[in-house]
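Chains, contacts and geometry: an overview
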Amino acid sequence: MKKWFVSQLKSGQAVTELFVLAEKTLSHKKDGAPYLSIALSDKTGRVRGVVWDNVEQIADAAAAGDVVRVQGNVSEYRGGLQVVVKELEPAETGADPADFLPATRRNPEQMLERIIALGQAVSSDVLRGLLDAFWNDASFVAQFKKAPAAKKMHHAYIGGLLEHSLSLSLLADRVAGHYSGIDRDLLITGAILHDIGKINEFVFDTSIDYSSEGRLVNHIVIGVGMLEEKIRQIPDFPQKTALLLRHMMVSHHGSRELGSPEPPKTLEAVLLNYLDEIDAKINGIREFMESQDAGAEWTGYHKPLERFFYRGGPETTG
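Residues numbered from 1 in each chain as written. Predicted model: local features only at pLDDT ≥ 70, side-chain atom pairs only at ≥ 80, totals over all residues. Heavy atoms only, no water.

**Quick notes on the overall build of the protein chain**
Of regular secondary structure, the protein chain possesses eleven helices and seven strands. Principal-axis analysis of the C-alpha atoms gives the protein chain an extent of 65 × 60 × 40 Å. The buried share among the 318 residues of the protein chain stands at 47%. Residue pairs in contact within the protein chain that sit at least 24 positions apart in sequence constitute 56% of those at least 6 positions apart. Computed over 35 positive and 43 negative side-chain charges, the inter-centroid distance for the protein chain is 3 Å. (Helix = DSSP H or I, 4+ residues; strand = E, 2+ residues; numbered from the N terminus. Buried < 20%, exposed > 50% of the residue type's maximum accessible area, 1.4 Å probe, protein only. Contact = heavy atoms within 4.5 Å. Lys, Arg positive; Asp, Glu negative; His and termini not counted. Charge placed at Lys NZ, Arg CZ, Asp CG, Glu CD.)

**Some thoughts on the side chain of threonine 299**
One can find threonine 299 in the segment after α11 (267–290). Residue threonine 299 is classed as buried on the basis of its relative accessible area, which comes to 4%. When neighbours within four sequence positions are excluded, threonine 299 is seen to be in contact with Phe288, Met289, Gln292, Phe308, Phe309 and Arg311.

**Re helix α4 (residues 138–146)**
Every buried residue belonging to α4 is among Phe140, Val141 and Phe144, and all of these are buried. The arc enclosing the buried residues of α4, seen along the axis, measures out at 95 degrees, which places them on a common side. Within α4, the exposed residues directed more than 90 degrees away from the buried face are Ala138 and Ser139. On its buried face, α4 is in contact with α2 (108–120), α3 (125–135), α5 (160–176), α6 (184–193), α7 (198–201) and α9 (219–232). (Arc of directions from axis to C-beta.)

**So, the pattern of salt bridges**
For the structure on display, the rule yields 16 salt bridges. Of the charged contacts in the structure, one is a salt bridge between lysine 2 and aspartate 42, with a shortest N-O distance of 3.4 Å. Of this pair, lysine 2 sits in the segment before β1 (14–28) while aspartate 42 is found in strand β2 (residues 34–42), placing the two residues 40 residues apart along the sequence. In this structure, lysine 2 and aspartate 42 share a single accessibility class: buried. The partner of arginine 46 in a salt bridge is glutamate 23, and the shortest N-O contact between them spans 3.0 Å. One end of the pair, arginine 46, is in strand β3 (residues 45–51); the other, glutamate 23, is in strand β1, and 23 residues separate them in sequence. For arginine 46, a relative accessible area of 37% corresponds to the partly exposed category. Taking the relative accessible area as the measure of exposure, glutamate 23 reaches 32% and is therefore partly exposed. (Salt bridge = Lys/Arg side-chain N within 4 Å of Asp/Glu carboxyl O.)

Right, dumping it as structure tokens:
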């Protein structure tokens, strides 16, 4: 069993422990000598590592994604921690997958029941039948409950896809009645299904990473294929409805620069894009805040969003 997790590491500590070798890059110093830059991870986060000695031997010892036994010393480097690795070898026994992957804090079965209930409440028979086709697919449901929604940015943990899809669907349900001319059934169905391709975009055994299919195709294309497969199982599924659902799926990132083949061109697609961004951003910022010093008024610098975040402090009186 693991005794030390990434979140518990401190500068000056000697550590012999199991981690996932999340990344490794072989580089060379100015004098031509090789060194290995690595990232080690577990369910609490990841830490940078570096190998100066026996570089080629250690580089060949394990592949990215493997659980490894690491012996080294923790030190400070550029404002963070790094492990100077002395030994690294594959872990043959003693690895519990639950130690290495963060998971949703919510109950997956309860979340699944709630998102199914949202789908069953849509008034359209064909859309309700489409959602039922997914819920009746045991293999899909098993993966949908476990898959992460991302590798790093938001809901990047086991059950993250289900959590994100439920949250987005609840937002869609609340917003649908606020504006006139919105097809509530279409919006909720699109919210539930928009990211289904992520069950195959990622692998998530001991670490979260992209699958070969995910790297070569991405979740939007995968998801459209999954959608069309289910639609073919439903007799006389309306072609226009199928087209609008495909459009919501391909446009939910909002722009070509962000990965969508087309920008949103229907009211439902525009709402889905913005609600998706809201849910992803809020979750990502919350996770970042929770990773920071609990007693600090401000977080550290958040590089992707290029800002510090205010966490609040005790009320003061003048």
